[in-house]
Amino acid sequence: MTPSNADILIRRVRAEGRQSMTETESKKLLASYGVPVARDRPAENAREAVLQAQKIGYPVVVKGHGAKLQHKTERGLVKTNLKSAKEVREAFRAIRASAGADWEGCIVSPLIAGSREWVAGLIRDVQFGPVVMFGLGGIFVEVLKDVVFRVAPISVEEALRMQNEIRSAAILDGTRGELPRDKAALAKALAAYAYMVDDLKDEVAESDANPVILYEAGKGVKVVDARIILTKK
């Protein structure tokens, strides 16, 4: 995808009377601007889920899919580290039951694990417009609030400075026996994300990428989950 294709995606979501993008749509929009995302495979039944898992290779993750499923973890709609066809079938059926009327299908993804999780997000400021947030992610976002902010867009150099400003910056450089993380890849991803939220400032009301998994230096970065809410028109 390219940014022009992103317009087509946004128009399609709006044509369906929605503001909330699904996880898959959110990732497609991010990817269209050069943000690396984890690849998902759709499954409408347990058999398809198993076939997709076999193509990906175990272990895998199965998640609920649907425009109304914005907080999947809280609703028990994410099953991780599945290592067999039996576990995938059981996860699929449990997710479908838990999602109820909001269920539209499932997605199967490779298990992407990291020792730390990071987050990028959009804050809309009345005075400055779209502001990019970066910091420690996963379950620690609300607890530790270790984040920094910049008015979008930002350069790769500015994205590197953001990484150095969080209290957890030492983790990125390697600590307690861990190897340094790929800060260069993360900076490029943050700059691409910031460009997206600035370019689509009239279209995107809310956005976050969480978790973002950062590999060892030279091995890149992946957005595992993403959420995008469009503006009212």
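Everything that follows concerns the structure shown earlier in this document.
Analysis parameters
Residues numbered from 1 in each chain as written. Predicted model: local features only at pLDDT ≥ 70, side-chain atom pairs only at ≥ 80, totals over all residues. Heavy atoms only, no water. Helix = DSSP H or I, 4+ residues; strand = E, 2+ residues; numbered from the N terminus. Rg over C-alpha atoms; globule rule 2.2 N^0.38 Å. Contact = heavy atoms within 4.5 Å. Areas by Shrake-Rupley, 256 points an atom, 1.4 Å probe, with all protein chains shown as cover. Lys, Arg positive; Asp, Glu negative; His and termini not counted. Charge placed at Lys NZ, Arg CZ, Asp CG, Glu CD. Buried < 20%, exposed > 50% of the residue type's maximum accessible area, 1.4 Å probe, protein only. Polar contact = N/O pair within 3.5 Å; in protein donor to acceptor, adjacent residues only side chain to side chain. Pairing = 2+ DSSP bridges. Axes fitted to C-alpha atoms, helices over the stretch in contact; angles between N-to-C directions. Left-handed = near helix turned anticlockwise from the far one by under 90°. Nonpolar A, V, L, I, M, F, W, Y, C, P; charged D, E, K, R; others polar. Parallel < 35°, antiparallel > 145°, perpendicular 65-115°, else oblique.

Caption draft 1: Representation of the overall build of the protein. The secondary structure content of the protein amounts to 8 helices and 10 strands. For 233 residues, the compact-globule estimate of 2.2 N^0.38 gives 17 Å, and the C-alpha radius of gyration of the protein, at 18 Å, lies within 12% of that figure. Based on the C-alpha atoms only, the size of the protein along its principal axes is roughly 50 × 45 × 30 Å. Long-range pairs, those at least 24 residues apart, make up 62% of the contacts in the protein between residues at least 6 apart in sequence. For the protein, the accessible surface area stands at approximately 11,500 Å², while carbon and sulfur atoms represent 52% of it. Between the centroid of the 36 positive side chains of the protein and the centroid of its 30 negative side chains there is a distance of 5 Å.

Caption draft 2: Quick look at the environment of Glu206. Tracing the backbone through its elements, the reader meets Glu206 in strand β8 (residues 204–214). Under the relative-accessibility criterion, Glu206 is labelled partly exposed at 38%. A C-alpha to C-alpha distance of 32 Å links Glu206 and Val88, two positions 118 residues apart in sequence. When neighbours within four sequence positions are excluded, Glu206 is seen to be in contact with Leu122, Arg227, Ile228 and Ile229. Among the polar contacts made by the side chain of Glu206, one reaches the side chain of Arg227 at a distance of 3.1 Å.

Caption draft 3: Main features of unusual backbone geometry. For the bond running from Tyr58 to Pro59, omega is 0°, close enough to zero to count as cis. Take Pro59: it is sitting in the loop between α3 (46–56) and β2 (60–65). Of note, the amide linkage connecting Ala152 to Pro153 takes the cis form, showing an omega dihedral of 0°. Mapped onto the fold, Pro153 is located in the loop between β7 (147–151) and α6 (156–165). Although it is not a glycine, Asn81 adopts a positive phi angle of roughly 55°. Examined against the element boundaries, Asn81 turns out to sit in strand β3 (residues 78–82).

Caption draft 4: Structural context of the sheet that holds β2. In spatial order, the strands read β1-β4-β2-β3; together these 4 strands make up an open sheet with antiparallel pairing. The two strands at the open ends of the sheet, each matched to only one other strand, are β1 (41–43) and β3. Neighbour-to-neighbour, the strand axes of this sheet turn through a mean angle of 25°, independent of strand direction. Pairing of β1 with strand β4 (residues 105–110), which is carried by 3 bridges, proceeds in the antiparallel orientation. Following the sheet pairing, Pro42 is matched in β4 by Ile107.

Caption draft 5: Expanded view of the packing of α6 against helix α8 (residues 183–199). Between α6 and α8, the shortest axis-to-axis distance is 8 Å and the interhelical angle comes to 115°. Seen from above, α6 lies across α8 with right-handed handedness. Here Val156, Ala159, Leu160, Gln163 and Asn164 of α6 lie close against α8, whose contacting residues are Lys183, Leu186, Ala187, Lys188, Leu190 and Ala191. Split by residue class, the contact of α6 with α8 holds 7 nonpolar, 2 polar and 2 charged.

Caption draft 6: Spotlight on the packing of α3 against helix α4 (residues 85–99). The geometry of α3 relative to α4 is characterised by a closest axis approach of 9 Å and an angle of 135° between their N-to-C directions. With respect to each other, α3 and α4 are oriented oblique. The two elements α3 and α4 meet at a crossing, and its hand is right-handed. On the side of α3, the interface is formed by Ala46, Ala49, Val50 and Ala53, while α4 contributes Ala85, Val88, Arg89, Phe92 and Arg93.

Caption draft 7: Structural view of the side chain of Gln163. Residue placement: Gln163 occurs in helix α6. Among the polar contacts made by the side chain of Gln163, one reaches the main-chain carbonyl oxygen of Lys183 at a distance of 3.1 Å. With sequence-adjacent residues up to four places away left out, Gln163 is seen in contact with Phe134, Ala169, Leu172, Lys183, Leu186, Ala187 and Leu190.

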